[in-house]
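Understanding the architecture of this molecule
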Amino acid sequence: MPSLHTSLECATRVALVVLIAASTAVALGATDASPLCVPGAGAPNGGDLSMFHPASPPAAEIREVAWLVLGICAGILVIVEGALIWSVCKYRRRAGVEGEPRQVFGSNPIEIAWTVIPIIIVFVLALTTVRTIGEVQLTKPPEGALEVDVIGHQWWWEYRLKNHHREGSIVTANELVVPMGRPVWLRLESADVIHSWWVPRLNGKTDVIPGHTGATWFRADEQGTFLGQCAEYCGTQHANMLLRVTAVDPQAFDAWCAVQGSAPVNDPSVAQGRDIFLGLACANCHAIDGLCDGAFGPNLTHLMTRETLGAGVAPMDARSLRAWVADPQTLKPGCNMPSLKLDDSQLDHVVAFLTTLK
Ligand code: HEC
Ligand SMILES: [Cu+2]
(Lines give C-alpha, C1' and ligand atoms only; values in the text may rest on other atoms or scores of the structure.)
(Ligands and ions follow the chains in the order given, each with its own letter.)
Protein backbone atom coordinates (compact mmCIF):
# COMPACT_ATOMS: atom_id res chain seq x y z
CA MET A 1 0.00 0.00 0.00
CA PRO A 2 1.52 3.40 -0.97
CA SER A 3 1.03 5.21 2.34
CA LEU A 4 1.52 8.93 2.97
CA HIS A 5 4.82 8.00 4.57
CA THR A 6 6.24 6.33 1.46
CA SER A 7 5.01 9.11 -0.83
CA LEU A 8 6.72 11.66 1.40
CA GLU A 9 9.92 9.68 1.38
CA CYS A 10 9.75 9.41 -2.39
CA ALA A 11 9.19 13.17 -2.77
CA THR A 12 12.12 13.92 -0.45
CA ARG A 13 14.40 11.72 -2.50
CA VAL A 14 13.37 13.32 -5.78
CA ALA A 15 13.91 16.79 -4.26
CA LEU A 16 17.37 15.73 -3.08
CA VAL A 17 18.34 14.48 -6.53
CA VAL A 18 17.20 17.74 -8.13
CA LEU A 19 19.12 19.76 -5.52
CA ILE A 20 22.35 17.82 -6.02
CA ALA A 21 22.04 18.00 -9.81
CA ALA A 22 21.40 21.76 -9.67
CA SER A 23 24.33 22.50 -7.34
CA THR A 24 26.66 20.35 -9.44
CA ALA A 25 25.60 22.27 -12.55
CA VAL A 26 26.30 25.58 -10.77
CA ALA A 27 29.74 24.38 -9.61
CA LEU A 28 30.66 23.16 -13.08
CA GLY A 29 29.35 26.30 -14.77
CA ALA A 30 31.69 28.47 -12.69
CA THR A 31 34.43 29.47 -15.11
CA ASP A 32 36.78 32.43 -15.25
CA ALA A 33 34.14 34.18 -17.35
CA SER A 34 31.46 33.87 -14.67
CA PRO A 35 33.13 34.59 -11.32
CA LEU A 36 31.39 33.12 -8.28
CA CYS A 37 31.95 36.31 -6.36
CA VAL A 38 30.43 39.44 -7.87
CA PRO A 39 30.55 42.04 -5.10
CA GLY A 40 29.16 45.56 -5.16
CA ALA A 41 30.36 48.15 -7.64
CA GLY A 42 33.59 49.89 -6.73
CA ALA A 43 35.06 47.10 -4.63
CA PRO A 44 37.96 45.57 -6.58
CA ASN A 45 37.22 42.06 -5.44
CA GLY A 46 35.63 40.34 -8.42
CA GLY A 47 37.50 37.22 -9.37
CA ASP A 48 37.83 33.50 -9.39
CA LEU A 49 37.29 31.84 -6.02
CA SER A 50 36.73 28.36 -7.42
CA MET A 51 38.64 25.43 -5.96
CA PHE A 52 38.05 23.74 -9.33
CA HIS A 53 40.62 26.06 -10.97
CA PRO A 54 43.81 25.27 -9.03
CA ALA A 55 47.00 27.26 -9.64
CA SER A 56 49.14 25.54 -7.00
CA PRO A 57 50.08 21.88 -6.32
CA PRO A 58 48.12 21.41 -3.06
CA ALA A 59 45.03 22.99 -4.64
CA ALA A 60 45.35 20.60 -7.58
CA GLU A 61 45.57 17.62 -5.19
CA ILE A 62 42.46 18.81 -3.39
CA ARG A 63 40.57 19.13 -6.66
CA GLU A 64 41.52 15.58 -7.59
CA VAL A 65 40.15 14.16 -4.33
CA ALA A 66 37.05 16.31 -4.69
CA TRP A 67 36.38 14.90 -8.16
CA LEU A 68 37.01 11.32 -6.99
CA VAL A 69 34.60 11.68 -4.06
CA LEU A 70 32.01 13.46 -6.22
CA GLY A 71 32.39 10.79 -8.91
CA ILE A 72 31.99 7.83 -6.54
CA CYS A 73 29.05 9.48 -4.78
CA ALA A 74 27.41 10.30 -8.11
CA GLY A 75 27.81 6.63 -9.13
CA ILE A 76 26.23 5.44 -5.87
CA LEU A 77 23.43 7.96 -6.31
CA VAL A 78 22.67 6.80 -9.84
CA ILE A 79 22.74 3.08 -8.92
CA VAL A 80 20.68 3.41 -5.72
CA GLU A 81 18.13 5.84 -7.15
CA GLY A 82 17.99 3.84 -10.40
CA ALA A 83 17.21 0.65 -8.48
CA LEU A 84 14.65 2.50 -6.40
CA ILE A 85 12.85 4.05 -9.37
CA TRP A 86 12.98 0.76 -11.28
CA SER A 87 11.38 -1.19 -8.41
CA VAL A 88 8.81 1.50 -7.71
CA CYS A 89 7.69 1.30 -11.35
CA LYS A 90 7.96 -2.45 -11.79
CA TYR A 91 6.27 -3.49 -8.53
CA ARG A 92 3.67 -0.75 -8.24
CA ARG A 93 0.09 -1.80 -7.54
CA ARG A 94 -1.72 -2.57 -10.74
CA ALA A 95 -5.44 -3.09 -11.36
CA GLY A 96 -6.29 -6.74 -11.46
CA VAL A 97 -3.14 -7.94 -9.70
CA GLU A 98 -3.82 -9.30 -6.23
CA GLY A 99 -1.36 -9.75 -3.34
CA GLU A 100 2.28 -8.75 -2.95
CA PRO A 101 5.17 -9.53 -5.34
CA ARG A 102 7.42 -12.48 -4.52
CA GLN A 103 9.23 -11.83 -1.24
CA VAL A 104 12.95 -12.67 -1.09
CA PHE A 105 14.48 -13.49 2.31
CA GLY A 106 18.18 -14.15 2.84
CA SER A 107 20.49 -14.28 -0.15
CA ASN A 108 24.17 -14.91 0.50
CA PRO A 109 25.43 -13.46 -2.82
CA ILE A 110 23.46 -10.23 -2.31
CA GLU A 111 24.50 -9.90 1.35
CA ILE A 112 28.16 -10.42 0.45
CA ALA A 113 27.98 -7.95 -2.47
CA TRP A 114 26.50 -5.14 -0.41
CA THR A 115 28.96 -5.68 2.39
CA VAL A 116 32.12 -5.99 0.34
CA ILE A 117 31.50 -3.18 -2.20
CA PRO A 118 30.95 -0.46 0.42
CA ILE A 119 34.04 -1.65 2.32
CA ILE A 120 36.12 -1.28 -0.85
CA ILE A 121 34.65 2.17 -1.51
CA VAL A 122 35.39 3.33 2.03
CA PHE A 123 38.96 2.05 1.74
CA VAL A 124 39.56 3.80 -1.57
CA LEU A 125 38.19 7.09 -0.19
CA ALA A 126 40.09 6.81 3.10
CA LEU A 127 43.43 5.93 1.50
CA THR A 128 43.31 8.64 -1.18
CA THR A 129 42.25 11.19 1.42
CA VAL A 130 45.08 10.24 3.77
CA ARG A 131 47.59 10.35 0.90
CA THR A 132 46.32 13.80 -0.17
CA ILE A 133 46.45 15.16 3.38
CA GLY A 134 50.08 14.02 3.52
CA GLU A 135 50.88 15.91 0.33
CA VAL A 136 48.92 19.03 1.20
CA GLN A 137 49.91 19.43 4.87
CA LEU A 138 53.69 19.41 4.98
CA THR A 139 55.36 19.27 8.39
CA LYS A 140 58.33 21.43 7.38
CA PRO A 141 58.94 24.12 4.75
CA PRO A 142 59.66 22.80 1.23
CA GLU A 143 63.15 23.36 -0.27
CA GLY A 144 63.87 27.01 -1.00
CA ALA A 145 60.55 28.23 0.35
CA LEU A 146 59.80 31.88 1.03
CA GLU A 147 58.80 31.98 4.70
CA VAL A 148 56.01 34.31 5.76
CA ASP A 149 54.36 34.87 9.13
CA VAL A 150 50.63 35.49 8.94
CA ILE A 151 48.70 37.00 11.83
CA GLY A 152 44.91 37.01 11.73
CA HIS A 153 43.26 40.03 13.36
CA GLN A 154 39.61 41.02 13.67
CA TRP A 155 39.23 41.85 10.64
CA TRP A 156 42.40 42.06 8.66
CA TRP A 157 45.53 40.06 7.91
CA GLU A 158 49.08 40.95 8.87
CA TYR A 159 52.07 39.58 6.94
CA ARG A 160 55.68 39.59 8.12
CA LEU A 161 58.63 38.42 6.10
CA LYS A 162 62.37 38.72 6.36
CA ASN A 163 63.79 41.94 4.96
CA HIS A 164 66.75 41.09 2.74
CA HIS A 165 67.51 44.73 2.07
CA ARG A 166 68.12 45.98 5.59
CA GLU A 167 67.62 45.13 9.28
CA GLY A 168 64.25 43.96 10.49
CA SER A 169 61.30 42.60 8.65
CA ILE A 170 58.80 43.65 6.03
CA VAL A 171 55.39 44.17 7.61
CA THR A 172 52.32 44.63 5.48
CA ALA A 173 48.59 43.96 5.57
CA ASN A 174 45.96 42.07 3.59
CA GLU A 175 47.92 41.83 0.34
CA LEU A 176 50.81 39.44 -0.06
CA VAL A 177 53.10 39.48 -3.08
CA VAL A 178 54.98 36.25 -3.80
CA PRO A 179 57.39 35.05 -6.47
CA MET A 180 55.73 32.82 -9.04
CA GLY A 181 56.93 29.21 -9.07
CA ARG A 182 58.60 29.36 -5.64
CA PRO A 183 57.04 27.52 -2.67
CA VAL A 184 55.70 29.78 0.05
CA TRP A 185 55.57 28.54 3.63
CA LEU A 186 53.08 30.32 5.88
CA ARG A 187 53.23 30.24 9.68
CA LEU A 188 49.83 31.29 10.99
CA GLU A 189 48.94 32.86 14.31
CA SER A 190 45.95 34.73 15.62
CA ALA A 191 45.87 37.93 17.63
CA ASP A 192 42.34 37.35 18.90
CA VAL A 193 39.82 34.71 17.76
CA ILE A 194 39.88 31.79 15.33
CA HIS A 195 40.22 32.78 11.69
CA SER A 196 40.90 30.62 8.67
CA TRP A 197 43.27 31.47 5.82
CA TRP A 198 41.75 30.31 2.55
CA VAL A 199 42.75 31.15 -1.01
CA PRO A 200 40.89 28.40 -2.88
CA ARG A 201 43.08 28.43 -5.99
CA LEU A 202 46.26 28.04 -3.90
CA ASN A 203 45.39 25.64 -1.08
CA GLY A 204 42.67 24.43 1.27
CA LYS A 205 41.61 26.18 4.46
CA THR A 206 44.03 26.46 7.37
CA ASP A 207 42.59 27.47 10.72
CA VAL A 208 44.36 30.31 12.49
CA ILE A 209 44.03 29.52 16.18
CA PRO A 210 44.92 31.72 19.18
CA GLY A 211 47.89 30.34 21.14
CA HIS A 212 48.87 27.92 18.38
CA THR A 213 51.14 28.26 15.38
CA GLY A 214 49.69 26.60 12.32
CA ALA A 215 51.39 26.16 8.97
CA THR A 216 50.49 25.74 5.35
CA TRP A 217 52.14 26.12 1.96
CA PHE A 218 51.42 26.82 -1.69
CA ARG A 219 53.29 27.47 -4.90
CA ALA A 220 51.64 29.83 -7.37
CA ASP A 221 52.35 28.40 -10.81
CA GLU A 222 50.53 31.19 -12.62
CA GLN A 223 51.03 34.92 -12.57
CA GLY A 224 48.14 36.98 -11.24
CA THR A 225 46.12 37.87 -8.19
CA PHE A 226 44.45 35.10 -6.23
CA LEU A 227 41.58 36.00 -4.00
CA GLY A 228 40.52 34.49 -0.74
CA GLN A 229 38.32 34.90 2.23
CA CYS A 230 38.53 34.31 5.97
CA ALA A 231 36.79 30.96 6.23
CA GLU A 232 35.97 30.79 9.93
CA TYR A 233 33.29 33.07 11.30
CA CYS A 234 35.18 35.57 13.44
CA GLY A 235 32.73 38.37 14.22
CA THR A 236 30.71 41.14 12.59
CA GLN A 237 33.18 41.99 9.82
CA HIS A 238 34.19 38.40 9.03
CA ALA A 239 32.87 38.82 5.47
CA ASN A 240 35.14 41.83 4.96
CA MET A 241 38.34 40.03 5.83
CA LEU A 242 39.49 39.33 2.31
CA LEU A 243 42.78 37.89 1.14
CA ARG A 244 44.83 38.85 -1.90
CA VAL A 245 47.91 36.97 -2.98
CA THR A 246 49.65 38.29 -6.09
CA ALA A 247 52.18 36.10 -7.84
CA VAL A 248 54.77 37.95 -9.92
CA ASP A 249 58.07 37.05 -11.59
CA PRO A 250 61.15 36.94 -9.33
CA GLN A 251 62.46 40.36 -10.44
CA ALA A 252 59.14 42.03 -9.73
CA PHE A 253 59.09 40.28 -6.33
CA ASP A 254 62.55 41.64 -5.52
CA ALA A 255 61.36 45.09 -6.54
CA TRP A 256 58.31 44.75 -4.28
CA CYS A 257 60.53 43.67 -1.36
CA ALA A 258 62.87 46.60 -1.97
CA VAL A 259 59.95 49.02 -1.76
CA GLN A 260 58.34 47.35 1.27
CA GLY A 261 61.69 47.16 3.03
CA SER A 262 62.61 50.78 2.44
CA ALA A 263 62.12 53.74 4.78
CA PRO A 264 58.86 55.66 4.36
CA VAL A 265 58.72 58.50 1.86
CA ASN A 266 59.46 61.79 3.60
CA ASP A 267 57.57 64.52 1.75
CA PRO A 268 57.99 67.91 3.50
CA SER A 269 54.91 69.31 1.73
CA VAL A 270 52.66 67.10 3.88
CA ALA A 271 54.45 67.78 7.18
CA GLN A 272 51.30 69.25 8.65
CA GLY A 273 49.30 66.07 7.97
CA ARG A 274 52.11 63.96 9.40
CA ASP A 275 52.17 66.05 12.58
CA ILE A 276 48.40 65.71 13.01
CA PHE A 277 48.72 61.94 12.51
CA LEU A 278 51.55 61.69 15.05
CA GLY A 279 49.76 63.98 17.51
CA LEU A 280 46.56 61.94 17.50
CA ALA A 281 45.82 58.40 18.62
CA CYS A 282 46.58 57.19 15.06
CA ALA A 283 50.20 56.77 16.10
CA ASN A 284 49.25 54.51 19.04
CA CYS A 285 47.55 51.99 16.80
CA HIS A 286 49.56 52.18 13.59
CA ALA A 287 53.22 51.77 12.74
CA ILE A 288 55.08 53.89 10.20
CA ASP A 289 58.77 52.97 10.13
CA GLY A 290 60.81 55.49 12.04
CA LEU A 291 57.81 57.62 12.99
CA CYS A 292 55.57 55.55 15.25
CA ASP A 293 55.21 51.93 16.23
CA GLY A 294 51.60 51.19 17.17
CA ALA A 295 50.89 47.51 16.59
CA PHE A 296 47.11 47.27 16.93
CA GLY A 297 46.24 48.22 13.35
CA PRO A 298 47.85 47.64 9.95
CA ASN A 299 51.35 48.95 9.25
CA LEU A 300 50.99 52.07 7.11
CA THR A 301 54.63 52.55 5.98
CA HIS A 302 53.82 51.72 2.36
CA LEU A 303 50.04 51.99 2.52
CA MET A 304 49.57 53.20 -1.04
CA THR A 305 51.21 50.11 -2.54
CA ARG A 306 48.05 48.19 -1.60
CA GLU A 307 45.14 47.96 -3.99
CA THR A 308 42.44 47.77 -1.35
CA LEU A 309 41.61 49.44 1.93
CA GLY A 310 40.26 47.79 5.09
CA ALA A 311 40.85 44.20 3.88
CA GLY A 312 38.87 44.69 0.69
CA VAL A 313 36.02 47.05 1.64
CA ALA A 314 37.15 49.80 -0.75
CA PRO A 315 39.77 50.55 -3.38
CA MET A 316 42.88 52.29 -2.03
CA ASP A 317 42.50 55.86 -3.24
CA ALA A 318 42.29 59.34 -1.75
CA ARG A 319 38.48 59.37 -1.81
CA SER A 320 38.08 56.10 0.10
CA LEU A 321 40.87 57.06 2.49
CA ARG A 322 39.10 60.29 3.33
CA ALA A 323 35.83 58.45 3.99
CA TRP A 324 37.73 55.87 6.05
CA VAL A 325 39.62 58.32 8.24
CA ALA A 326 36.50 60.47 8.71
CA ASP A 327 34.62 57.44 10.04
CA PRO A 328 35.73 53.85 9.42
CA GLN A 329 32.40 52.68 10.86
CA THR A 330 30.50 53.82 7.76
CA LEU A 331 32.63 51.65 5.46
CA LYS A 332 33.20 48.76 7.87
CA PRO A 333 30.64 48.88 10.70
CA GLY A 334 31.95 47.32 13.88
CA CYS A 335 35.62 47.40 12.87
CA ASN A 336 38.24 48.15 15.50
CA MET A 337 39.19 51.62 14.35
CA PRO A 338 37.18 54.47 15.88
CA SER A 339 36.38 57.75 14.20
CA LEU A 340 38.65 60.39 15.69
CA LYS A 341 36.20 63.10 14.55
CA LEU A 342 38.71 65.13 12.54
CA ASP A 343 37.47 68.39 11.04
CA ASP A 344 37.59 68.94 7.26
CA SER A 345 40.94 70.68 7.24
CA GLN A 346 42.55 68.03 9.47
CA LEU A 347 41.10 65.35 7.21
CA ASP A 348 42.57 67.01 4.12
CA HIS A 349 46.02 67.19 5.70
CA VAL A 350 46.01 63.64 7.09
CA VAL A 351 44.79 62.16 3.80
CA ALA A 352 47.39 64.17 1.87
CA PHE A 353 50.04 62.71 4.17
CA LEU A 354 48.70 59.15 3.85
CA THR A 355 48.67 59.31 0.04
CA THR A 356 52.43 59.98 0.04
CA LEU A 357 53.10 56.65 1.78
CA LYS A 358 54.03 54.76 -1.38
C1 HEC B 1 42.20 52.15 18.28
C2 HEC B 1 43.21 51.93 17.29
C3 HEC B 1 43.22 52.76 16.04
C4 HEC B 1 43.30 54.12 15.94
C5 HEC B 1 43.30 55.17 17.05
C6 HEC B 1 43.39 54.42 14.53
N7 HEC B 1 43.33 53.27 13.80
FE8 HEC B 1 43.48 53.12 11.79
N9 HEC B 1 43.07 51.13 11.93
C10 HEC B 1 42.91 50.41 13.09
C11 HEC B 1 42.53 49.08 12.77
C12 HEC B 1 42.24 47.96 13.76
C13 HEC B 1 42.46 49.00 11.37
C14 HEC B 1 42.06 47.78 10.54
C15 HEC B 1 40.58 47.82 10.33
C16 HEC B 1 40.05 46.70 9.49
O17 HEC B 1 40.49 46.56 8.33
O18 HEC B 1 39.17 45.97 9.97
C19 HEC B 1 42.83 50.31 10.87
C20 HEC B 1 42.93 50.63 9.52
C21 HEC B 1 43.42 51.83 9.04
C22 HEC B 1 43.72 52.12 7.67
C23 HEC B 1 43.57 51.13 6.51
C24 HEC B 1 44.82 50.30 6.38
C25 HEC B 1 44.71 49.25 5.31
O26 HEC B 1 45.75 48.81 4.82
O27 HEC B 1 43.61 48.84 4.97
C28 HEC B 1 44.14 53.40 7.60
C29 HEC B 1 44.58 54.14 6.36
C30 HEC B 1 44.11 53.93 8.93
N31 HEC B 1 43.67 52.94 9.79
C32 HEC B 1 44.46 55.22 9.28
C33 HEC B 1 44.28 55.76 10.55
C34 HEC B 1 44.41 57.17 10.85
C35 HEC B 1 44.78 58.26 9.87
C36 HEC B 1 44.14 57.30 12.18
C37 HEC B 1 44.09 58.59 13.00
C38 HEC B 1 43.16 59.58 12.53
C39 HEC B 1 43.85 55.97 12.70
N40 HEC B 1 43.95 55.08 11.68
C41 HEC B 1 43.53 55.69 14.00
C42 HEC B 1 43.09 50.89 14.37
C43 HEC B 1 43.21 52.24 14.69
CU1 LIG C 1 38.50 36.08 10.29
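Above this text sits the structure in question.
Analysis parameters
- Residues numbered from 1 in each chain as written.
- Chains lettered and ligands numbered in written order.
- Predicted model: local features only at pLDDT ≥ 70, side-chain atom pairs only at ≥ 80, totals over all residues.
- Pairing = 2+ DSSP bridges.
- Helix = DSSP H or I, 4+ residues; strand = E, 2+ residues; numbered from the N terminus.
- Axes fitted to C-alpha atoms, helices over the stretch in contact; angles between N-to-C directions.
- Parallel < 35°, antiparallel > 145°, perpendicular 65-115°, else oblique.
- Left-handed = near helix turned anticlockwise from the far one by under 90°.
- Contact = placed C-beta atoms within 7 Å.
- Nonpolar A, V, L, I, M, F, W, Y, C, P; charged D, E, K, R; others polar.
- Near = placed C-beta within 6 Å.

A short note on the sheet that holds strand E10 (residues 242-248)
The strand order E4-E10-E9 describes an open sheet built from three strands, whose pairing is mixed. Because the sheet does not close on itself, it has two edges, and the strands there are strand E4 (175-179) and strand E9 (224-229). Each strand of the sheet is rotated relative to its neighbour by a mean of 25 degrees, with strand direction disregarded.

Things to note about the packing of helix H7 (residues 318-326) against helix H9 (residues 344-354)
Contact geometry of H7 with H9 gives a least axis separation of 10 Å together with a crossing angle of 125 degrees. As summarised for this structure, H7 and H9 are arranged oblique, according to the angle between their axes. Along this stretch, H7 crosses H9, giving a crossing that reads as right-handed. Between H7 and H9, the residues in contact are Ala318, Leu321, Arg322, Val325 and Ala326 and Leu347, Val350, Val351 and Leu354, respectively. Its residues assigned to classes, the contact of H7 with H9 comprises eight nonpolar, no polar and one charged.

Some thoughts on the site of ligand 1
With respect to spatial proximity, 32 residues lie near ligand 1, and among them Ala281, Cys282, Cys285, Gly297 and Met337 are the closest. Only helix H6 (282-285), H7 and H9 provide two or more residues apiece to the shell around ligand 1. When the residues that make up the shell around ligand 1 are grouped by side-chain class, the tally is 23 nonpolar, seven polar and two charged.

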